[in-house]
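# Analysis of the macromolecular model
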Amino acid sequence: GVGGLGSPVALYLASSGFQNIGIVDHDKVDISNLHRQILFNEEDVKKFKVDAATKKLKKINSKIKIKKFCTKINSININKIAKKYDLIIDGTDSFRSKLLINDYCAKNKKILVTGAISKFDGHVFVFNFKKKKSPCLRCFMPEAPETDMLDCQSEGVLATLAGMIGSIMANETIREILNFKNSLCGNILMINAENLSIKKVKLNKNKNCINF
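Throughout, a residue's number is its position along its own chain's written sequence, starting from 1. Local features in this predicted model are restricted to residues of pLDDT 70 or higher, and side-chain atom pairs are both shown and tallied only at a pLDDT of 80 or more, whereas totals for entire chains, interfaces and linings draw on every residue. Here the side-chain values reflect all heavy atoms present in the structure, with hydrogen atoms and water set aside.

Quick look at the pattern of salt bridges now. Salt bridge, as applied in this entry: a Lys or Arg side-chain nitrogen positioned within 4 Å of an Asp or Glu carboxyl oxygen. Inspection of the entire model under this criterion finds seven salt bridges. The partner of D27 in a salt bridge is K49, with the nearest N and O atoms 3.7 Å apart. Taken as a pair, D27 in the loop between β1 (20-24) and α2 (49-60) and K49 in helix α2 lie far apart in primary sequence, 22 residues in all. Burial classes follow relative accessibility: with a 1.4 Å probe on protein chains only, a residue under 20% of its type's maximum area counts as buried, one over 50% as exposed, and anything between as partly exposed. Among the residues examined, D27 registers a relative accessible area of 34% and is labelled partly exposed. Linked through salt bridges whose partners overlap, the residues forming this network are D103, R138 and E143. Helix numbers and strand numbers start at the N terminus; a helix is a DSSP run of H or I with at least 4 residues, a strand a run of E with at least 2.

This brings us to helix α4 (residues 95-107). Between the first and last residue of a helix there are one fewer steps than residues, each counted as 1.5 Å, and that sum is the expected span. Look at α4: 18 Å from first C-alpha to last across 13 residues, which is about the 18 Å you get at 1.5 Å a residue. Counting buried residues along α4, 10 of its 13 residues qualify, which places the element largely inside the surrounding structure. Taken residue by residue, α4 has F95, S97, K98, L99, I101, N102, D103, Y104, C105 and A106 as its buried positions. Working rule for contacts: check all heavy atoms of both residues, and any pair within 4.5 Å makes them a contact. Buried residues along α4 sit in contact with α3 (78-82), β3 (87-90), β4 (111-118), β5 (121-128) and α5 (137-140). With a side-chain oxygen positioned 3.3 Å from the backbone nitrogen of R96, the residue opening α4 is S94. Phi turns positive, to about 55°, at K109, one or two residues after α4. Counting of polar contacts relies on pairs of N or O atoms within 3.5 Å, with two restrictions inside protein: one atom must be capable of donating a hydrogen and the other of accepting it, and residues adjacent in sequence are counted only when both atoms are side-chain atoms.

Moving on to the pairing of β1. Being paired, for any two strands, means DSSP has found at least two bridges between them. Where β1 lies against strand β2 (residues 65-69), five bridges are found, and the strand directions are parallel. By the bridge assignment, I21 is partnered in β2 with I66. Looking down the strands as they point away from you, a crossover is right-handed if its path from the first strand over the helix to the second goes clockwise. Regarding the hand of the β-α-β motif, the stretch spanning β1, α2 and β2 is right-handed.

This part is about the nonpolar core. Formed by 34 residues in total, the largest nonpolar core has its most connected members in I23 and I165. Breaking this core down by element, the ones donating at least two residues are α1 (6-15), β1, α2, β4, β5, α7 (159-177) and β6 (187-192). Sorting elements by how many residues they give to this core places α7 first, with six residues. Non-local contacts of I23, meaning those with residues more than four positions away in its chain, are made with V2, V50, A53, T54, L57, I66, K67, K68 and F69. Grouping buried Ala, Val, Leu, Ile, Met, Phe, Trp, Tyr and Cys residues that are joined through side-chain atoms within 4.5 Å yields what is termed a nonpolar core. With 25 residues, the next largest nonpolar core counts I81, I101, Y104 and C136 among its residues.

As structure tokens, then:
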């Protein structure tokens, strides 16, 4: 997804010199997106997000190679889309999509950086499935809740929260690639933008998790 979270992630990765990025998003830019999806402006409304994002990112980094997937990720197309990428960044707004991506990355030993935002609350997870001790998203959320969507449209979200969480996701991507010490893997970073509280909570492997 290249929305509220994917926008700052893509901007910072392009600015940092990443040269091989895939973008997956089936949606078009809507006027209601603009307060939190900082890749886009009024001229982009009604354009496919993957097209508008690619144009902007190439202006930042002319050497960047971007593969566009103008589709919604599902169990049928996920391998075709993700198989050539070592690290997956999940900015989707669906719990089912998040679990699908998590399961795929666990099975195929990829690194996964995932984030979620709603109202004033944001979460960041890092799962390094190249390491045997990594927990997974199902250790935290075994099944998708009945309300599947993290719906920023109806629930609302503080615009700056999307930037905060997206920036941290980009930072964790760089830290994992450069193999920095003290990885976020095995923890949940929780941010509340209303009172500016930040907590890091340990996430243990669930012995009943289907991925282990």
